[in-house]
Number of protein chains: 2
Amino acid sequence: MKIGILGGGQLGRMLIQSALKYDDQFYTLDPASDAPCSSISHFTQGNFNDYDTVLNFGKDKDVVTIEIEHVNADALAELEKQGVKVVPNAAIIKTIQQKILQKEFYKTYDIPSPEFQVVWDSEEKIMMPLPFVQKMNTGGYDGKGVQVIKTEDDYQHLWKEASVIENLVDIDKELSVIVARNENGETKIFPVTEMVADPKLNLLDFNICPVFLSDDIRNQIDSITEKFLNAVNSPGLFAIELFLDKQGKVWVNETAPRLHNSGHQSQEGNANSQFEQMYRVVKNLPLADTDAFTYSGMLNLVGAEGHAGKVIYEGMDDVLKLPKTYIHLYGKTETKPGRKMGHINVLADSREELMEKLIKVKSMIKVIAE
Amino acid sequence: MKIGILGGGQLGRMLIQSALKYDDQFYTLDPASDAPCSSISHFTQGNFNDYDTVLNFGKDKDVVTIEIEHVNADALAELEKQGVKVVPNAAIIKTIQQKILQKEFYKTYDIPSPEFQVVWDSEEKIMMPLPFVQKMNTGGYDGKGVQVIKTEDDYQHLWKEASVIENLVDIDKELSVIVARNENGETKIFPVTEMVADPKLNLLDFNICPVFLSDDIRNQIDSITEKFLNAVNSPGLFAIELFLDKQGKVWVNETAPRLHNSGHQSQEGNANSQFEQMYRVVKNLPLADTDAFTYSGMLNLVGAEGHAGKVIYEGMDDVLKLPKTYIHLYGKTETKPGRKMGHINVLADSREELMEKLIKVKSMIKVIAE
């Protein structure tokens, strides 16, 4: 089958890597000639935000999917009209890629999400009390396009464009759950993962799985995933990012209609990974079992401050010596501060052992330039 | 790093698939334009038995390795002279690719292997008593080039070429062990796997791992792997195929200087697969842990009799519904009787459960043509 992917980054690369155990042809579209997918798929250099480019790329494929949501959804809708299967469908991509529509979607389907106000232009009066969060309607990605307004002084920093103004949740834990639904309507849910931050050590971005949750919290999450999967009138794999507040209530922060960083530890930690699941969704195959075999965790390998240029992974050989530790690089030759260059998954028999190993690995490796 | 592989079949494909989590460029050489590696690597169509072709292919690579042993070893020796790293080295490939030299190697290093006689031409008198095995000196592969001579009548079928005439072992079990050694001299050994045949059901070619073995048998195998790894003056990953006879003695049947079918279940069954280990050997990285997490087994997906043409995997959707069951196809579009098209790995909590699952899966799927 000819499978087209809008975006040629690491998510696409790991999807293709996983799917090499089946017999399909992958095609990718990305503006960067050296995108991570470029050497392992039939590659087209081009802008996935451009209507004609997406239409031309997609028209001879059996199915088109995405590994980034900021794509031209109108072109995807036209492809659907022309009979090309699009996963997830153009309508849900369009909804999720605009924060305002995304929030309205939660409201319509009674999915708990922080209270909000829509602001279309800078003249509108903000009714939400301080502190609050401003999320730009479009263009947000990887934490960009989101800011917290804490004081009246901060009002001057407000972005003057269409935004969601959202109540600031008093966060106890950040959680994520990856759900999948195929065209036949079959659904599967991955075990919940937790994003752990350790402010003392300034260690961020550990995902760990599974997470101990009370029955009440688990029920809230089950209710959210069930409502979401019923509401989404589309096959797809979705990451639902959740806040657990200090009163024990679960809120949906946002949803990504694609593979997600918070699911990477599934590569070695679960019976099947999010990438295998995504492949099955795209081909409308029976969905895979997602059981967690053990404790698993992930840390991102991010380009160090002050380093730009040809990448070196300092300390990598020492990490390779550790048992049950798995390095995943993304085929990017150039590092720059904050660039996601890879990740490391770790398996362990307990949460404590997992945290120890993650902290140790984090201290051993550094992404620098030559 | 530029890594060249002689051969572009499934072993190379799964090596590249596994190594996509690192940042290297893979180059493959194979006579078939649609070889399994052709679409996922920098591909050169050509004959890996031809001296000039191999030399030209290898000269600009950082390291050259093999996924089939029937290659031009003289060209590899010349590449070594020119400063290209060759893994495993040309000398051990040359030894193993000729059955006569392979047998002499075992003799020299006191590695137990069935008694044998070398026959250089058809005039030589065979001293070995009946029944015996004839193995052609060169050209054997996947069971080809090997025959059993049982009776005096069978003498007429003797191949009239340089051969090893070998005592026929009274086999209780066929075992295999995959060993690895890197340039630094570090070594790692995978758990022993067993090739299980069920004559009643005519089910062949299940690999299962781990295997229950008495201390005595385990000690014999440990002694063999230790002697082998000391004797092999080369980095490499090697599959040592073993016979356990009915008197409890372990013999080396033969060795492959490469990735091997008997190690495929390591993809999901072990902390790291043979493919990850091979990658580390090629790059002289610290070797990976090889622990078996659970019981694992493999069955080959082989083209059914009477079917040639565009392949269909009949029953595949039902297999995809089974938990802890992993289909691996090789990217081959055309099937023919007996062609290895893929394999399926299965995990289980006991040997009994494993065998049941393997037998069930085997009955569910068939490799046919359109």
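Residues numbered from 1 in each chain as written. Chains lettered and ligands numbered in written order. Predicted model: local features only at pLDDT ≥ 70, side-chain atom pairs only at ≥ 80, totals over all residues. Heavy atoms only, no water.

A.B. asks: I'd like a description of the overall build of chain A, backed by residues and values.
C.D. replies: When helices and strands are tallied, chain A shows 10 helices and 21 strands. Its C-alpha atoms give chain A a radius of gyration of 20 Å, near enough to 21 Å, the size a compact globule of 370 residues would have. Along the three orthogonal principal directions, the C-alpha set of chain A runs to about 55 × 55 × 45 Å. Burial statistics for chain A: of 370 residues in total, 59% are counted as buried. For chain A, the share of sequence-separated contacts (at least 6 apart) that also reach a separation of at least 24 residues comes to 62%. (Helix = DSSP H or I, 4+ residues; strand = E, 2+ residues; numbered from the N terminus. Rg over C-alpha atoms; globule rule 2.2 N^0.38 Å. Buried < 20%, exposed > 50% of the residue type's maximum accessible area, 1.4 Å probe, protein only. Contact = heavy atoms within 4.5 Å.)

A.B. asks: Go over the pattern of salt bridges with me, naming the residues and quoting the values.
C.D. replies: Between side chains of opposite charge, pairing is possible as soon as their charged atoms come close. Residues and elements named next belong to chain A. Using the criterion set out here, one finds 29 salt bridges over all chains in the structure. Here Arg258 and Glu69 are joined by a salt bridge, their closest N and O atoms 2.5 Å apart. Here Glu69 lies in the loop between β4 (63-66) and α3 (73-81) and Arg258 lies in the loop between β15 (250-256) and α7 (266-269), a separation of 189 residues in the sequence. Residue class for Glu69 comes out buried when judged on its relative accessible area of 8%. For Asp74, the salt bridge goes to Lys94, with nearest N and O atoms at 2.4 Å. Of this pair, Asp74 sits in helix α3 while Lys94 sits in helix α4 (residues 90-97), and the two are 20 residues apart along the sequence. (Salt bridge = Lys/Arg side-chain N within 4 Å of Asp/Glu carboxyl O.)

A.B. asks: Kindly report on the relation of the copies chain B and chain A, identifying the contributing residues and their values.
C.D. replies: Mapping chain B onto chain A leaves a residual RMSD of 0.0 Å; the transformation is a rotation of 180° accompanied by 0.0 Å of translation along its axis. Overall, the copies show the geometry of a two-fold rotation axis. When each C-alpha of chain B is compared by its distance to the rotation axis, Ile40(B) comes out closest, at 2.5 Å. Here 100% of the contact residues of chain B are again contact residues in chain A; the copies associate through an equivalent surface. (Least-squares fit on C-alpha atoms with pLDDT ≥ 70 in both.)

A.B. asks: If you had to explain the packing of helix α2 (residues 51-58) of chain B against helix α3 (residues 73-81) of chain B to someone new, which residues and values would you point to?
C.D. replies: Residue and element names in this part refer to chain B. As a packed pair, α2 and α3 sit with axes 8 Å apart at the nearest point and diverge in direction by 35°. Relative to α3, α2 is oriented so that their crossing is right-handed. The residues of α3 that touch α2, namely those facing Tyr51, Val54, Leu55 and Gly58, are Asp74, Ala75, Leu76, Glu78 and Leu79. Taken together, the residues that form the contact of α2 with α3 break down as 6 nonpolar, 1 polar and 2 charged. (Axes fitted to C-alpha atoms, helices over the stretch in contact; angles between N-to-C directions. Left-handed = near helix turned anticlockwise from the far one by under 90°. Nonpolar A, V, L, I, M, F, W, Y, C, P; charged D, E, K, R; others polar.)

A.B. asks: How would you explain the environment of Ile178(A) if you had to name every residue and give the values?
C.D. replies: Residues and elements named next belong to chain A. Here Ile178 is to be found in strand β10 (residues 171-181). Residues Ile178 and Leu259, spaced 81 residues apart in sequence, show a C-alpha to C-alpha distance of 8.4 Å. Sequence-distant contacts of Ile178, that is, excluding residues within four places in its chain, are made with Lys188, Ile189, Phe190, Leu237, Phe238, Ala239, His260, Ser262, Gly263 and Gln274.

A.B. asks: Now, about the interface of chain B and chain A: what can you tell me, with residues and values included?
C.D. replies: Quite often, the size of an interface is put as the accessible area lost when its parts meet. Each side of the interface is counted separately: chain B has 32 residues, and chain A has 32 residues. Both sides of the chain B and chain A interface together cover about 3000 Å² of buried area, and 55% of this is carbon and sulfur. When the area that chain B buries against chain A is broken down by residue, the three leading residues are Leu20(B), Lys21(B) and Leu320(B), summing to 22%. In this assembly, chain B and chain A are joined by 15 residue pairs in polar contact (both at pLDDT 80 or more). Put simply, the parts of the chain that give the side of chain B that touches chain A at least two residues each are α1 (10-19), α9 (316-320) and β18 (325-329) of chain B. Per-element accounting of the side of chain B that touches chain A gives the leading share, 4 residues, to β18(B). Its residues assigned to classes, the side of chain B that touches chain A comprises 17 nonpolar, 6 polar and 9 charged. (Buried area = accessible area lost by both parts, 1.4 Å probe. Polar contact = N/O pair within 3.5 Å; in protein donor to acceptor, adjacent residues only side chain to side chain.)

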